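# A structural walkthrough
Letter by letter, the chains look like this.
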Amino acid sequence: MYDRYKREINYLRISVTDRCNLRCRYCMPEEGVRLLRHEDILTFDEIVKFTESAVSMGIWKVRITGGEPLVRKGITELVGMLAGIKGIKDLSMSTNGTLLKNFAGELRKAGLQRVNISLDTTDPEQFAYITRGGNVADVIEGISAAKKAGLLPVKINCVVRESREEEDAKLVREFCARNNLEIRYIHQMDLVSGHFTTVEGGSGGNCPLCNRLRLTSNGMLKPCLFSDIGFNIREISYREAIEKAVEMKPASGMVNHKDNFYNIGG
Ligand code: SAM
Ligand code: SF4
């Protein structure tokens, strides 16, 4: 599929939940998060049927994200269902890693190929501060479990406030160098003001090269992270939603007043 700007669209990011077991300061408020009702969240069947349509139209790269995807009940079963779709060449997940030690082996067996794990610092106190209560040891165990299970390459997503030279980012860089992990620096973004830059070491945030569509956990198909445009896949056919989203993909991101990182999946 090609959009109006001749960009080939082949990548679908699926947010499977708006819930999370952490409360990262740049992503979620501490309390008062308005969570979706159970019936608003797409079922596994809907996610899989939609993905089948997308793959038949040219998507071959799929990432499962959230919220925290590992808190969605039955996530391994969903991974297995998605892995069964012929035509997906790259099936990955973005996770905060805290629960990964319990899941890595079964996810690999179900057909997940690789993971991106978020880690903004290796300092336990700073980690607890940034995530409002998380335990960095859980993430480090999760990273080891992912490597052991063969979810490779394990990539680390590190959100930086100012630059990659700040103390927390340096700690993560050293940790990655010691453990043979790829690192990507994501500058803290703001959906409402439209503040974003390219991801260093990754492909995000680079509008001329953007190849993505995003499906939120309540079924809105979004052509761009920094846009209010979305098509409800429960109101129009999957095919039509995909055609419309590709057609309406903006040349570059502007602002998004409707979503948060934790429902759209970053
Ligand atoms: N819970 C999983 C995780 O943390 O990896 C997956 C969902 S999370 C929303 C996906 C990515 O978005 C993470 O790497 C996270 O660091 C990033 N993210 C969240 N809020 C952000 C913000 N305001 N600016 C930049 N990146 C952000
Ligand atoms: Fe949860 Fe990921 Fe958002 Fe942190 S960045 S609050 S782990 S969804």
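First, a word on what this report is: a plain description of the structure on this page. (Residues numbered from 1 in each chain as written. Chains lettered and ligands numbered in written order. Predicted model: local features only at pLDDT ≥ 70, side-chain atom pairs only at ≥ 80, totals over all residues. Heavy atoms only, no water.)

### Considering the overall build of the chain
Note the threshold: For the purposes of this entry, the term helix denotes a DSSP run of H or I that reaches at least four residues, the term strand denotes a run of E that reaches at least two, and both are numbered from the N terminus. The contact criterion used throughout is that any non-hydrogen atoms of two residues lie within 4.5 Å. Note on areas: Shrake-Rupley, 1.4 Å probe, and residue coverage restricted to the protein chains presented here. By the counting rule applied here, Lys and Arg register as positive and Asp and Glu as negative, while His and the ends of each chain are not counted. We put the charge of a Lys on NZ, of an Arg on CZ, of an Asp on CG and of a Glu on CD.
Within the chain, the regular secondary structure consists of eight helices and nine strands. Oriented by its inertia axes, the alpha-carbon framework of the chain measures out at about 45 × 40 × 35 Å. In the chain, the share of contacts with a sequence separation of at least 24, taken over all contacts with a separation of at least 6, comes to 73%. Accessible surface for the chain amounts to roughly 12200 Å². Of this, 50% is attributable to carbon and sulfur atoms. Taken as two groups, the 38 positive and 34 negative side-chain charges of the chain have centres that lie 5 Å from each other.

### Here's the deal with the site of ligand 2
Counted only if it meets this: For this purpose, a residue is taken to be near a molecule or strand whenever a single non-hydrogen atom of the residue falls within 4 Å of it. Three classes are used, and their members are as follows: Ala, Val, Leu, Ile, Met, Phe, Trp, Tyr, Cys and Pro are nonpolar, Asp, Glu, Lys and Arg are charged, and the others, Gly among them, are polar.
Around ligand 2 lies a shell formed by Cys 20, Leu 22, Cys 24, Cys 27, Met 28, Gly 67 and Asn 96. Of the residues assigned to the shell around ligand 2, the class counts are five nonpolar, two polar and no charged.

### Let's talk about the sheet that holds strand 5 (residues 155–160)
Put simply, the rule is: In this analysis, strands are considered paired if DSSP registers two or more bridges between them.
Pairing is mixed in the open sheet, where nine strands are placed in the order 6-5-4-3-2-1-7-8-9. The open sheet has two edge strands, strand 6 (182–187) and strand 9 (231–232), and neither has a second partner. Inspection of the sheet shows strand 5 paired to strand 6 by six bridges, in the parallel sense. Its bridge partner lying in strand 6, Ile 156 is registered against Ile 183.

### Brief notes about the site of ligand 1
Which entries qualify depends on this criterion: Between N or O atoms, a polar contact is any pair within 3.5 Å; within protein, one atom must be a potential hydrogen donor and the other a potential acceptor, and residues adjacent in sequence are included only when both atoms are from side chains.
The full set close to ligand 1 counts 19 residues, and Tyr 26, Gly 67, Ser 118, Val 159 and Met 189 are the nearest of them. Between ligand 1 and Met 189, the relevant distance is 2.8 Å, taken from a nitrogen atom to a main-chain nitrogen or oxygen of the residue. Contact with the protein chains hides 95% of the accessible area of ligand 1, taken as 540 Å² for the molecule alone. Mapped onto the shell around ligand 1, the elements with two or more residues apiece are strand 3 (90–95), strand 5 and strand 6.

### Examining helix 6 (residues 167–179)
Rule in force here: Here the expected length of a helix is defined as 1.5 Å per residue gap, with one fewer gap than residues. Burial classes follow relative accessibility: with a 1.4 Å probe on protein chains only, a residue under 20% of its type's maximum area counts as buried, one over 50% as exposed, and anything between as partly exposed. Taking the helix axis as origin, the arc is that swept by the directions to the C-beta atoms.
Its 13 residues give helix 6 an end-to-end C-alpha distance of 19 Å, which sits within 8% of 18 Å, the value for a rise of 1.5 Å per residue. If you check which residues of helix 6 are buried, you get Asp 168, Ala 169, Val 172, Phe 175 and Cys 176. Down the axis of helix 6, the buried set is contained in an arc of 120°. They therefore lie on one face. Facing away from the buried surface of helix 6 by more than 90 degrees, the exposed residues are Glu 167, Ala 177 and Arg 178. The elements touched by buried residues of helix 6 are helix 4 (124–131), helix 5 (136–149), strand 5 and strand 6. Count one or two residues on from helix 6 and you reach Asn 180, which has phi positive near 60°.

### Remarks on the pairing of strand 5
The buried fraction of strand 5 is high, at six of six residues. Side chains of strand 5 alternate between two faces, with Lys 155, Asn 157 and Val 159 and Ile 156, Cys 158 and Val 160 buried alike. Bridge analysis of strand 4 (residues 114–118) against strand 5 gives three bridges, and the strand direction is parallel. Looking across to strand 5, one finds that Ile 117 is bridged to Ile 156.

### Observations regarding unusual backbone geometry
Cis geometry is found at the peptide bond from Leu 152 to Pro 153, where omega equals -5°. Phi is positive for Lys 6, which is not a glycine, with a value near 65°. Here Lys 6 shows up in the segment before strand 1 (11–15). Although it is not a glycine, Arg 132 adopts a positive phi angle of roughly 55°. Arg 132 gets classed as partly exposed once you look at its relative accessible area, which sits at 25%.

### Some details on the pattern of salt bridges
Stated precisely, the cut-off is as follows: When a carboxyl oxygen of Asp or Glu lies within 4 Å of a side-chain nitrogen of Lys or Arg, that pair is called a salt bridge.
Taken as a whole and judged by the stated rule, the model has 15 salt bridges. The closest approach of N and O atoms between Glu 166 and Arg 161, which form a salt bridge, is 3.5 Å. Using a relative accessible area of 40% as the deciding quantity, one classes Arg 161 as partly exposed. The shortest N-O distance in the salt bridge between Arg 164 and Glu 200 comes to 3.1 Å. Taken together, the residues Arg 164 in the loop between strand 5 and helix 6 and Glu 200 in the loop between strand 6 and strand 7 (212–215) connect sequence positions 36 residues apart. One connected set of salt bridges, linked through shared partners, spans Arg 37, Glu 39 and Asp 40.

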